Every structure is written in C-alpha cells, then in structure tokens.
Amino acid sequence: MRHSETIVIGGGPAGSTCAGHLRAAGREVLVLDKARFPRLKLCAGWITAKVMRDLAFTAADYPHPILKLEVRTHFFGLPFAFRWWPTPGPDYSIRRVEFDAWLLARSGAEVVEHDVKSIRRDGERYVIDEAYSCRHLVGAGGTMCPVRREVFPDSRVKSRQIVTLEKEFEYPARGDDCHLYFFRRGLVGYAWIVPKGNGHVNIGLGGKSRYFRKSGTKIHDHFRGFLDDLVREGRLDAATATNLQETGHPYFLYSRIGEVKRDNAYLIGDSAGLASVDLGEGIGPAVESGMMAAQDILGTGEYRKDATTAFSLAGVTQRVMRRINRRHVGAG
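Read on for an overview of the structure.

A separate point is the overall build of the protein chain. When helices and strands are tallied, the protein chain shows 9 helices and 18 strands. Taking 2.2 N^0.38 as the reference for a compact globule, 332 residues should give roughly 20 Å; the C-alpha atoms of the protein chain span a radius of gyration of 20 Å, in line with that estimate. With the C-alpha coordinates of the protein chain rotated into their principal frame, the extents come out at 60 × 40 × 35 Å. Counting over 332 residues, the protein chain shows a buried share of 56%.

What follows is the structure in structure tokens.
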C-alpha cells in the first residue's frame, strides 16, 4: 500500500490548486483521477479577474488561446441587450481540456490514473481501495465525488441543484461577443453562447432541477428552443443546430448548509457544492476553496464554507440577483 501525507481525489481546478499550494510548501501530495489528462470537460470556461489573481497568472502567461470576453446580457422581455457585465475586472474564456491539464502540470504534483471505489478510516489514516493511504484526504472529484459519497453525509440542498445541457465545438462562423440570456422562455436559469480561442464556441443552458419538476417542462425542450432562437438571431446556422448533440451534467449552487471539512477530510469545488448563486460560476469557487483547504492542511489558515465567495456579480446587480434568488429558491 502506498502512503502519501495528502491525497487529492480529482485533478480539476480545485484539486490542482490545492495540490499546487501544498507542493509549493514542500509537502507530499498525490493526485488521483479516473481520467487521463488532457481530458474533455464540458464547461462555459468562464474565468474572472479574481481567478487569475488567485492563480497568479495573466493572459500573457497562459500557453493556450484565451479570449477576453465582450459580454452582451439579454433579459427576457427586453428588446435590447445590455452592453456591460457587472463583474469586477475583465472576464476571459478558456477551453477546459487545455486549462485543466495546464493547471495540473503546473501544480508539480504526481498524478496517478485511478478510479476510486472505496474509502475507509483506519485510525488516523484514510485507506483508498486498499491501495493508497493518507493522513489528509481532499475530495475534488466533482458532484459525484467519492469522498463525499464515502466520508460525508449527503446534506446538499435539493433546491440548489442545477442541471445543464451544453456543447463545445469548432465553429469558425461564431461571433466574437459572449451572449448571456436570463429567464428566456420562462426558464429559471440562463443560457449562453461563449466564444473561445481557435474558432471554438460553447453553447449551453442551465436551470434549477426543481423548476423542471414543478413546471413539467423538459430541459431538452428548452435547449432546442434556445438553439432555434440562436438560428433566428443569426448566431448559429440551421444545419449545425439540427445536428448538434448536447450533453448534460448536474451541480449544486452554494448553500450555507452542509459540511466541507470533517476531521482531516475536505470537500472543495463542485464536490462541496460551491458554484456561485447568481451565475453558477464553478471555476472561481473551485480555485478559492482549493487554496483554503491547502492553507488549512498547512496550518496557515482555516477552511470554512462561509468564507468562500457566494456571488459572482457585484454592486446593485448582486443585490437584485439576491432578491430574485430568494424568490425562486428560498434562503437555503
């Protein structure tokens, strides 16, 4: 059996950030991930100025295409788009297949391809599949993380569950602007078309699973309606819309309820359900929580859920979104 002081399960932005901070402090860390990097990861790929500060890199440092976003915000019922976006600082788009592999390699941590099936406690150690053991265990394996399943009770708030459908593909005819659509066709959620480097684009839609259950509508119908709208607006050609095969995945928005630390085990990123309440932003909270968990392990800080950032937007817009969120979701 192989022992490491810390084992991080999941090599995405949360796991690689945590591992990188531990390695920078000279600590022993091993990353286990069921996939081999680079691997496909569907995501709008939105990164904020805060993410770049937290990760200590600039657009000039990044070795892959990175696009500064010009955002056009559409609200249902308004015949025009707002030509501004109220997040502090510029926003960029990346492709997760490139971004995640770069972050993981930059962390300097050893990575082993391994699909975790079981975790048990043995005194001060966690034993993983009778093959690995550690003193500190970090769950960074996303919504279905085995650390959450095996070590933590499932206390996630069902009303905070989001389901999405999206597709990322090469589309040279895409426009250069990023478009966000809120409450389109009654959807409690939003849709997007995000341009990316080298002629790629990500088109997606996300909504609260509770909305689909209560309204009797289907997310696939909303997605197809959104594609129809994009065709009418000239942002997508009809043949591409007809042949597009979307893929779905769930995640959870931030809620005060639920543990993120239990003894020497931690949940970070989507494993902890930390996506921002207003936009469902996942990369920012993943990076932030990865840093905080590493600081907790190092004894230089404390990892607390209430210290993570719950909202992506700022100022008046954040206050408006807080009210909308309470009306649709409750205080949770």
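Continuing now.
This paragraph deals with the packing of helix α1 (residues 13-24) against helix α3 (residues 96-107). At a minimum axis distance of 8 Å, the contact between α1 and α3 shows a crossing angle of 20 degrees. Judged by the inter-axis angle, α1 sits roughly parallel to α3. Crossing of α1 over α3 shows left-handed handedness. In this structure, α1 uses Pro 13, Ser 16, Ala 19, Gly 20 and Arg 23 to contact α3, whose residues at the interface are Arg 96, Phe 99, Asp 100, Leu 103, Leu 104 and Ser 107. Across the contact of α1 with α3, the residue classes tally to 5 nonpolar, 3 polar and 3 charged.

This next bit is on the sheet that holds strand β15 (residues 200-208). Backbone-to-backbone hydrogen bonds join strands into a sheet, with any given pair of strands oriented parallel or antiparallel. Spatially, 7 strands are ordered β6-β5-β13-β14-β15-β12-β16 in an open sheet, and the strand pairing comes out mixed. In the strand order of this sheet, the two ends are held by β6 (81-82) and β16 (247-252), each with one partner. The pairing of strand β12 (residues 161-170) with β15 spans 9 bridges and is antiparallel. Looking across to β15, one finds that Glu 166 is bridged to Gly 204. Here helix α6 (residues 219-232) sits on the sheet and contacts β12, β13 (178-182), β14 (189-195) and β15; the angle it forms with β15, its principal contact strand, is near 140 degrees.

Among the nonpolar cores identified, the biggest contains 46 residues, and Ile 7, Ile 119, Ile 128, Leu 137, Val 147 and Tyr 303 are the most heavily contacted of them. No other element matches helix α8 (residues 283-298), which puts 5 residues into this core. Residue contacts for Ile 7: discarding those within four places in its chain leaves Leu 30, Leu 32, Ile 128, Tyr 132, Ser 133, Cys 134, His 136, Leu 137 and Val 138. Listed in part, the 21 residues of the second largest apolar core include Leu 165, Val 188, Ile 193 and Leu 236.

So, about the pattern of salt bridges. Within this structure, the stated rule accounts for 26 salt bridges. Where Lys 117 meets Asp 115, a salt bridge forms, and the shortest distance between an N and an O atom there is 3.1 Å. A relative accessible area of 38% means that Asp 115 is categorised as partly exposed. A salt bridge links Glu 233 to Arg 235, with the shortest nitrogen-to-oxygen separation between them at 2.9 Å.

Right, let's talk about the sheet that holds strand β3 (residues 46-48) for a bit. Across the sheet, which stays open at both edges, the 3 strands sit in the order β3-β7-β4 with antiparallel pairing between neighbours. Sheet topology places β3 and β4 (67-68) at the edges, where each strand pairs with a single neighbour. Taken together, the 2 bridges between β4 and strand β7 (residues 91-93) define a ladder with antiparallel strand orientation. Residue pairing in the sheet places Lys 68 in a bridge with Tyr 92 of β7.

Time to look at the pairing of strand β9 (residues 119-122). Two elements, β9 and strand β10 (residues 125-128), share 4 bridges in a ladder whose sense is antiparallel. Across the sheet, residue Arg 120 finds its bridge partner in β10, namely Val 127.

Time to look at the packing of aromatic side chains. Evaluation of the coordinates by the stated rule reveals 16 aromatic pairs. With a centroid separation of 5.0 Å and 85 degrees between ring planes, the pair formed by Tyr 62 and Trp 102 is classed as edge-to-face. Of the two residues, Tyr 62 sits in the loop between α2 (49-55) and β4 while Trp 102 sits in helix α3, which places them 40 residues apart along the sequence. Consider the rings of Tyr 181 and Phe 226, whose centres lie 5.3 Å apart with planes at 70 degrees: the pair is edge-to-face. Taken together, the residues Tyr 181 in strand β13 and Phe 226 in helix α6 connect sequence positions 45 residues apart. Of the two residues examined, Tyr 181 and Phe 226, each falls in the buried class.

This paragraph deals with the packing of α1 against α8. At a minimum axis separation of 7 Å, α1 and α8 run at an interaxial angle of 35 degrees. Relative to α8, the crossing made by α1 is right-handed. For the pair α1 and α8, the contacting residues are Pro 13, Ala 14, Thr 17, Cys 18, His 21 and Leu 22 in the first and Ala 286, Val 287, Gly 290, Met 291, Ala 293, Ala 294, Ile 297 and Leu 298 in the second. When grouped by side-chain class, the residues that make up the contact of α1 with α8 number 11 nonpolar, 3 polar and no charged.

In this model, Phe 37 is joined to Pro 38 through a cis peptide bond whose omega is 0 degrees. Here Pro 38 lies in the loop between β2 (29-33) and β3. Residue Asp 129 is not a glycine yet carries a positive backbone phi of 55 degrees. Here Asp 129 is to be found in the loop between β10 and β11 (132-139). By relative accessible area, Asp 129 is classed as buried at 19%. Positive phi is not limited to glycine here, since Asn 198 has a value of about 55 degrees.

Here is what the cut-offs are and how they apply
- Residues numbered from 1 in each chain as written.
- Predicted model: local features only at pLDDT ≥ 70, side-chain atom pairs only at ≥ 80, totals over all residues.
- Heavy atoms only, no water.
- Helix = DSSP H or I, 4+ residues; strand = E, 2+ residues; numbered from the N terminus.
- Rg over C-alpha atoms; globule rule 2.2 N^0.38 Å.
- Buried < 20%, exposed > 50% of the residue type's maximum accessible area, 1.4 Å probe, protein only.
- Axes fitted to C-alpha atoms, helices over the stretch in contact; angles between N-to-C directions.
- Parallel < 35°, antiparallel > 145°, perpendicular 65-115°, else oblique.
- Left-handed = near helix turned anticlockwise from the far one by under 90°.
- Contact = heavy atoms within 4.5 Å.
- Nonpolar A, V, L, I, M, F, W, Y, C, P; charged D, E, K, R; others polar.
- Pairing = 2+ DSSP bridges.
- Core = buried A, V, L, I, M, F, W, Y, C linked by side-chain atoms within 4.5 Å.
- Salt bridge = Lys/Arg side-chain N within 4 Å of Asp/Glu carboxyl O.
- Phe/Tyr/Trp six-rings, centres within 6.5 Å; stacked < 30°, edge-to-face > 60°.

On their own, these measurements won't tell you what the molecule is for.
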